[in-house]
Each structure stands twice: as C-alpha cells, then as structure tokens.
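Coordinate inspection notes
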Amino acid sequence: MAAPSTACTQIFLASTLYGTATLAAGIDAGSFPPAGRRILLTSNHSLTAEISPGLTDMPGFAALRTRFDEVLDWNAAIAPQHPSAWAPRPEDVPLWERQLRAVWGLGEDRVELIVESIQVPPARTLCTLFPGAAVDVYADGLMSYGPTRFRLDPQLGMRVRRVLHLDLVPGLEPLLLTEFDVRPELVPAPEFLKVLAELPSDGPGPAGACEAADAGACEAAGAGPGPAAGAGEAPALLLGQYLSALELLSPQEEEDLHVEMVRGAHALGHRELVFKPHPSAPAEYSRRAEAEAGRLGARLTVVTAPVLAETLYQRLRPALVVGCFSTGLLTAATLYGLPVARTGTEAVLARLTPYQNSNRIPLTLVDALLPALTDARAVARWSAPGPEEVRGTLKGLLTAVGFTMQPQILASRRAEAERYLAARLDDRTWRYFKRRRLTTLGLPGGIPAQLSFLPASPAVRRVVRRLRRLRAARTG
C-alpha cells in the first residue's frame with residue numbers, strides 16, 4: 001500500500017478583485033503556510049455568467065495572479081450548473097472529488113481551502129466536495145462582522161481554522177463563525193495597500209473610461225486631484241452600489257439616492273464630482289445624477305471602467321467619499337484617511353427585511369460610525385473612533401444586533417445583548433432594532449408578554465382611532 005502524499009495544495013476561491021487583492025495581501029504577509037502549489041479558483045456569480053466579464057477580465061487581475069501557480073475556472077468545472085445555486089447530491093460527493101482531483105492534477109495531495117461566504121455556494125459546495133480539507137475563511141467586505149447567516153453543519157464548521165479579515169473597524173472583531181470558536185486574524189493593512197498600489201491606475205480618463213458633460217471633466221478625473229478649472233480642489237467621489245438588484249431599493253429610489261449624493265456634495269461646496277457606479281448597474285442609473293449636477297452648476301464624471309474604488313482613492317485623493325453602506329466607505333476612512341459621509345442608511349434600515357438580512361450589519365456599522373451627508377458640521381469634524389471607543393460602544397451594538405438577527409446561532413451572546421438593550425436604547429439606537437423582533441425574543445425594548453395581545457386587539461385599535469380623530473378635531 002502506497003504511503004499517503006504529504007504534498008499540500010492550497011485552493012483559493014475568489015469572485016471579486018477586492019477579495020483577490022485581500023488574498024494576495026495575505027500571501028505577501030505570510031498569513032498562509034508554504035504549499036507545494038497554490039491554485040486561484042475563480043467564480044463568476046453573475047446571472048448571465050456566460051456573457052458577463054469575469055474576475056480574470058478585470059483591470060489589474062494580471063498583477064494579482066502572480067501570487068498563484070495556476071488559475072482555474074469554477075464555472076467551467078461545474079458547467080452548465082450555476083455557481084451560486086449548485087450543490088452535489090451527498091451520494092455523488094466521492095465521485096466529484098475524484099473527478100476534480102484528476103482534472104486539476106491534485107493526485108493524493110493534502111488540500112487546504114481558502115474561501116469566502118462559507119454559508120452559501122460556491123464556497124460551501126467546494127468545502128463539501130473536499131470533506132477532508134482544512135478550511136480558512138476570508139472576509140470580502142463588512143458582512144463578516146455579522147453572525148453566520150445560516151446554521152452550518154458542525155462537520156463543516158469545526159473544519160474552519162480562522163477568519164481572515166481587514167481591520168476596517170479597528171477594535172472590532174467579527175462575529176462570523178464565533179459559534180465554533182473560530183479565531184479572527186488580521187490581514188495587515190500595509191500589505192493590502194501595497195497590493196492595491198500594484199493595480200493599474202488607468203481607470204477614468206479621456207481614453208474612453210469615463211463619461212462626462214465635457215472632455216475637461218474626464219481630464220480632471222484622469223489627472224488626479226484638481227478640477228479642470230485649475231482651482232486645486234480635489235473631487236468628491238460618489239459610490240454606487242446597485243441596491244435595486246438586491247431588492248433593497250426600487251430603481252427609481254436608487255436614482256433618487258444618487259441625486260441626493262450630488263445635492264449633498266454640492267451643498268458642502270464640492271463642484272467637481274466623480275461617480276463610480278456598481279460594475280453591474282445599468283448605465284442609465286447615472287443619468288439623473290448627471291442632470292442634477294448640471295442643474296446645480298457642478299461637473300460630474302462617471303467612471304465606466306471596472307476599477308476598484310481603492311484605485312480611485314490612490315489616484316484622485318478625493319476631498320470626500322460619499323456612499324450608502326459600501327465597504328469602500330470604511331476602506332476610504334480607515335486605510336486611506338479620507339473624509340467620508342453616508343446617505344440613505346436610515347431609510348434602508350427602516351425597510352430592510354427580513355430582520356436577519358445580512359446587509360443589516362454593514363448598514364448598522366456605516367450608520368453608527370460615519371457622519372450624515374446632510375450634517376455639514378459633523379462631516380467637517382468627523383474622525384475615525386479609536387479602538388478603545390469602538391470596544392466600548394460599537395461592540396455592544398454589534399453584539400445586540402447580531403444576536404437579534406441570529407439568536408440560535410449566537411445563543412451564548414444573549415446576556416450581552418440584554419445588557420446593551422437595557423442600557424442603550426434611545427432615539428438614536430432604536431433605528432437598529434424592531435420592537436416586534438425584540439418582543440418575539442423576549443428582549444428589553446419589546447412589549448411585555450402580559451401586554452402582547454394589545455396590538456392585535458380590535459377594541460384597542462378602535463379606541464386609538466377615536467383618540468386620533470378627537471385630537472385632529474381639537475388641533476384643526
């Protein structure tokens with residue numbers, strides 16, 4: 001009987017340029033042990049993946065792929081199935097593992113998996129197909145600060161060794177996979193910034209990568225800080241997110257949000273604006289923002305190249321970065337030291353359903369940390385809170401929201417959530433919670449159990465309506 005192979009192959013699953021940059025920074029920093037072979041497995045999650053540009057088509061990918069020995073395509077491996085939906089039948093797992101080992105030349109190598117979003121395919125699928133592999137999870141954004149979205153099979157959860165993440169909120173640790181005592185580990189910011197500096201900076205510019213009311217605005221965006229008029233003023237950068245695709249806003253509401261960004265930046269004195277739409281968003285989503293900028297006498301450049309926001313931070317050094325709850329707001333503030341402002345977070349929080357929607361954590365963090373675009377004084381005075389302040393206030397809020405989202409997964413955090421809610425619920429923090437949810441979970445702020453019948457009582461509703469009519473008649 002042949003001795004088992006001691007060679008190790010590491011498979012890094014990635015679907016975004018930001019995530020690939022995070023992995024590259026981790027490799028540069030020595031976060032991963034030496035391996036005989038490193039494979040980057042790319043996955044295109046677009047609904048029309050066959051005709052949509054993939055990760056390997058993104059500007060800057062060539063600079064990142066040098067950290068890996070080989071690049072493979074997960075879409076091709078499982079075609080015609082879609083990466084975001086497909087999972088093997090349990091009885092087919094051994095067949096699939098043998099097939100992938102043969103096609104990818106893994107032989108009897110020991111396999112280590114490094115994946116994002118382990119709760120859902122394709123990460124969960126890949127981990128299922130290699131049941132003996134150790135797993136590391138890396139964070140591609142702010143969602144890792146929240147709880148695990150679904151209860152994981154303990155056989156999978158216990159295989160995860162650590163959660164690698166950027167220190168986007170210094171002093172705050174992720175809740176992700178804490179139910180399995182998985183340790184968090186930082187990807188050093190200096191290495192991440194070095195990796196981003198390698199990416200090409202030929203994003204917006206006069207060579208067709210941006211659209212604007214005139215060529216001068218394109219030249220302004222392409223030349224770095226300063227408008228074409230030569231006043232020496234850096235532009236304000238507006239970040240789009242394509243929230244209507246997530247059904248968080250309607251297309252009309254999302255366009256309204258972009259218009260609010262233009263108005264808010266203009267009200268703060270910015271006349272040179274750069275709008276970076278989400279790469280998947282339709283071109284028409286920027287039209288009303290362009291029209292509003294023209295009406296106000298500002299100049300708006302629309303970046304059409306699929307570059308990272310961080311590339312624009314390096315190139316433009318914007319005077320202000322504006323967005324709803326994009327991870328880019330925290331990278332701008334924490335890693336680049338840029339002024340930031342949020343808009344639209346309170347409205348999205350109010351309508352976000354179900355309560356356990358994983359976007360609630362990025363929304364909560366951005367809303368709690370960053371100044372509102374409409375508050376000029378707050379925007380001017382804002383600075384990132386220190387780690388001690390974060391641990392003293394934001395950690396409690398994050399734990400309470402996380403427990404309220406996933407009370408079974410984070411059952412051990414109930415006492416912490418109760419302490420926060422009993423002491424900190426006020427006009428400012430109520431936006432992060434729903435009374436019905438608190439009532440259902442028996443948490444402070446909910447309706448006491450003995451009074452829970454009142455909202456559903458027809459008699460009570462009739463009395464309330466009568467009191468409202470009387471009040472209206474008296475004030476009329």
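1. With respect to the overall build of the protein
Along its length, the protein carries 19 helices and 13 strands. Per-residue burial over the protein gives 51% buried out of 476 residues. Excluding contacts between residues fewer than 6 apart, the proportion of contacts in the protein whose partners are at least 24 apart in sequence is 71%. Summing over all exposed atoms, the protein offers an accessible surface of approximately 21,600 Å²; the carbon and sulfur share of this is 53%.

2. Some points on the confidence of the model for the protein
When pLDDT is averaged along the protein, the result is 89; 87% of the residues meet or exceed 70. Within the model, pLDDT remains below 50 along residues 449-454, and this stretch shows two contacts once partners closer than five positions in the same chain are excluded.

3. Some points on the environment of tryptophan 430
Tracing the sequence through the fold places tryptophan 430 in the loop between α17 (414-424) and α18 (435-441). Assessed through its relative accessible area of 25%, tryptophan 430 is described here as partly exposed. Note: C-alpha distance between tryptophan 430 and glycine 445 (15 residues apart in sequence) is 9.0 Å. For tryptophan 430, the residues in contact, after removing those within four places along its chain, are Leu425, Arg435, Leu438 and Gly445.

4. Focus on the packing of aromatic side chains
In the structure shown here, the tally under the stated rule is 10 aromatic pairs. Ring geometry for tryptophan 104 versus phenylalanine 130: centroids 6.4 Å apart, planes at 15 degrees, classification stacked. Of this pair, tryptophan 104 sits in the loop between α4 (93-103) and β4 (110-115) while phenylalanine 130 sits in the loop between α5 (123-129) and β5 (134-138), and the two are 26 residues apart along the sequence. Seen from their ring centres, tyrosine 420 and phenylalanine 433 are 6.5 Å apart, and the 40 degrees between their planes marks the pair as tilted. One end of the pair, tyrosine 420, is in helix α17; the other, phenylalanine 433, is in the loop between α17 and α18, with 13 residues separating them in the sequence.

5. A short note on the nonpolar core
Membership of the largest hydrophobic core comes to 100 residues, with the highest contact counts inside it found for Leu23, Tyr145, Tyr313, Leu330 and Phe433. Non-local contacts of tyrosine 313, meaning those with residues more than four positions away in its chain, are made with Leu237, Leu239, Pro318, Val321, Gly328, Leu329, Thr331, Ala332, Tyr336 and Leu338. Leu100, Leu106, Leu156 and Leu176 belong to the second largest nonpolar core, which has 31 residues in total.

6. Here's the deal with the side chain of asparagine 357
With respect to the helices, strands and loops of the structure, asparagine 357 is situated in the loop between α13 (345-351) and α14 (360-369). The contacts of asparagine 357, once residues within four sequence positions are left out, are Leu248, Leu352 and Met405.

7. Side note on the pattern of salt bridges
Scanning all chains against the criterion turns up 25 salt bridges. Glutamate 112 serves as the salt-bridge partner of arginine 110, at 2.9 Å between the closest nitrogen and oxygen. With relative accessibility at 43%, the residue arginine 110 sits in the partly exposed group. Close ionic contact of arginine 299 with glutamate 272 constitutes a salt bridge, the shortest N to O distance being 3.2 Å. Linking arginine 299 in strand β11 (residues 299-303) with glutamate 272 in strand β10 (residues 272-276), this pair joins segments that are 27 residues apart in sequence. The pair arginine 299 / glutamate 272 is uniform in exposure class, with both members buried. What emerges from the salt-bridge pattern is a single network uniting Arg110, Glu112, Asp136, Arg161, Arg162, Arg183 and Glu185.

8. Focus on the side chain of serine 43
Looking at where serine 43 falls in the secondary structure, it is placed in the loop between β2 (37-42) and α2 (61-64). You can call serine 43 buried: its relative accessible area is 3%. A polar contact is formed between the side chain of serine 43 and the side chain of histidine 45, at a distance of 3.1 Å. Serine 43 has contacts with Leu13, Ala14, Ser15, Trp74, Asn75, Pro83 and Pro122, leaving out every residue within four places of it along the chain.

9. Points about helix α7 (residues 189-198)
Among all positions in α7, only Phe192, Val195 and Leu196 are buried. Down the axis, α7 shows its buried residues gathered within 100 degrees of arc, on one side only. Turned more than 90 degrees away from the buried face of α7 sit Lys194 and Ala197, all of them exposed. Buried residues along α7 sit in contact with α1 (17-28), α2, α11 (309-316) and α12 (327-335).

10. Description of the environment of glutamate 254
Residue position: glutamate 254 is located in helix α9 (residues 251-267). Sequence separation between glutamate 254 and glutamine 241 is 13 residues; the distance between their C-alpha atoms is 8.9 Å. The residues contacting glutamate 254, other than those within four sequence positions of it, are Gln241, Tyr242, Leu243, Ser244, Leu249 and Tyr285. Here leucine 243 takes part through its backbone nitrogen, which lies 2.5 Å from a polar atom of the side chain of glutamate 254.

Calculation notes
- Residues numbered from 1 in each chain as written.
- Predicted model: local features only at pLDDT ≥ 70, side-chain atom pairs only at ≥ 80, totals over all residues.
- Heavy atoms only, no water.
- Helix = DSSP H or I, 4+ residues; strand = E, 2+ residues; numbered from the N terminus.
- Buried < 20%, exposed > 50% of the residue type's maximum accessible area, 1.4 Å probe, protein only.
- Contact = heavy atoms within 4.5 Å.
- Areas by Shrake-Rupley, 256 points an atom, 1.4 Å probe, with all protein chains shown as cover.
- pLDDT = per-residue confidence, 0-100.
- Phe/Tyr/Trp six-rings, centres within 6.5 Å; stacked < 30°, edge-to-face > 60°.
- Core = buried A, V, L, I, M, F, W, Y, C linked by side-chain atoms within 4.5 Å.
- Salt bridge = Lys/Arg side-chain N within 4 Å of Asp/Glu carboxyl O.
- Polar contact = N/O pair within 3.5 Å; in protein donor to acceptor, adjacent residues only side chain to side chain.
- Arc of directions from axis to C-beta.

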